[in-house]
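Residue-level structure breakdown
Chain by chain, the residues run as shown.
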Amino acid sequence: MVNKKRDSFLLSNKGVLITGASSGIGFSIAKFLAEKGFTVFGTVRKESDAEKLKSLKIPELVPVCPLDLTEPSHIKHSLEFVSEELKRKGKELYGIINNAGGGFIGPIELMDLEKLKIEIETRILGHLRLLQAFLPMIREAHGRIIWITTPSLLPIPYVSSIHACDFAVNCLARTLKIELSPWKIHVIMIRCGRIRTPAVEKSYKELEKFLENLPENSVSQIYSSILKNEMEELKKFDKNRTEPFEVARVVFNALTSKSPASRYKVGYRVGLASFLEFFPQAIVDFVMMKRAKTSTSIPHRDSD
């Protein structure tokens, strides 16, 4: 149980910015942190999502709209808005939580490169632009930067649109941790297994549409049956998914701990994926090849 006096002392003057707060993991984190006492700036792309956050009637939950990470001008306006709000409230920006992102299921050979471009722009370049804009405030507050990522660095077939970005995020987060160490800024990765979010059903629908639109050729037909099996395997785990509330609790602990870890893990079957990362790459690749032949998937973080 969190000590209320310690909680109040820690959070009374602290603000947190989280991207992708419209639903799923981001929404749960934003709501949880605001209820705990943080002033939370939840970024969303659509006005309807901003209204959804407002409808919660949590005074410390402040929507930031629009913020599309593929639009640099949105980051500039968001910086101005957040700065003014923090000044008005007499608070400091203590945390940035990089959560926004999508991703899709599909083989590299047939991947929609325009969709991949948007994913890279959002999860890598967009978050870097955001950090560059807001880091002076984080440095002043000796704050923390958190990335929501997949459980580990594994070559998981058909979800490389998500995991390729997380390979990059892993490098960026670890490098940033070293670069920002003189200012005692903690850079933390929250590694999520299978989480119950609206993005799960959305992924299935997008995959079904993808399969329906495959051209009539031999390559497409080869992947068609494989991807249908993949979707069925993924659905088997749905009843065991972890609620996003559990991710929010881990994020809260990462923000408030006096000595936070560099990596936290949460979610169904996250331990198995994290365990495999300790092995040499050759062994991991061998294991993944064997699993692919038996049509069994290692869990991956679901996009939001």
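Before reading further, recall that the structure is shown in the block above.
To start, this report covers the structure provided alongside it. (Residues numbered from 1 in each chain as written. Predicted model: local features only at pLDDT ≥ 70, side-chain atom pairs only at ≥ 80, totals over all residues. Heavy atoms only, no water.)

**A look at the pairing of strand β2 (residues 39–43)**
Most of β2 sits out of view: five of its five residues are buried. Side chains of β2 alternate between two faces, with T39, F41 and T43 and V40 and G42 buried alike. When strand β1 (residues 14–18) meets β2, the two strands line up parallel, connected through four bridges. Residue pairing in the sheet places V16 in a bridge with V40 of β2. Regarding the hand of the β-α-β motif, the stretch spanning β1, helix α2 (residues 24–36) and β2 is right-handed. Where β2 and strand β3 (residues 61–64) come together, four bridges link them in parallel fashion. Within the sheet, the bridge partner assigned to T43 lies in β3 and is V64. Since β2 and β3 lie parallel, the crossover through helix α3 (residues 47–54) that links them has a hand, and here it is right-handed. (Buried < 20%, exposed > 50% of the residue type's maximum accessible area, 1.4 Å probe, protein only. Helix = DSSP H or I, 4+ residues; strand = E, 2+ residues; numbered from the N terminus. Pairing = 2+ DSSP bridges. Right-handed = clockwise from strand over helix to strand, strands pointing away.)

**Observations regarding the environment of R174**
Mapped onto the secondary structure, R174 falls in helix α6 (residues 160–179). The exposure class of R174 is partly exposed, given its relative accessible area of 44%. With 47 residues separating them along the chain, R174 and Q221 place their C-alpha atoms 41 Å apart. In contact with R174, not counting residues within four places along its chain, are M189 and R263. At a separation of 2.8 Å, a polar atom in the side chain of R174 contacts the side chain of N170. (Contact = heavy atoms within 4.5 Å. Polar contact = N/O pair within 3.5 Å; in protein donor to acceptor, adjacent residues only side chain to side chain.)

**Re unusual backbone geometry**
For the bond from C65 to P66, the omega torsion is 0°, close enough to zero to count as cis. Here P66 is to be found in the loop between β3 and α4 (72–89). Not every positive phi belongs to a glycine, and K57 is a case in point at roughly 55°. Its place among the elements puts K57 in the loop between α3 and β3. Its identity as a non-glycine residue notwithstanding, Y158 has a phi of 75°, on the positive side. Topologically, Y158 is positioned in the loop between β5 (144–149) and α6. With a relative accessible area of 18%, Y158 lands in the buried category.

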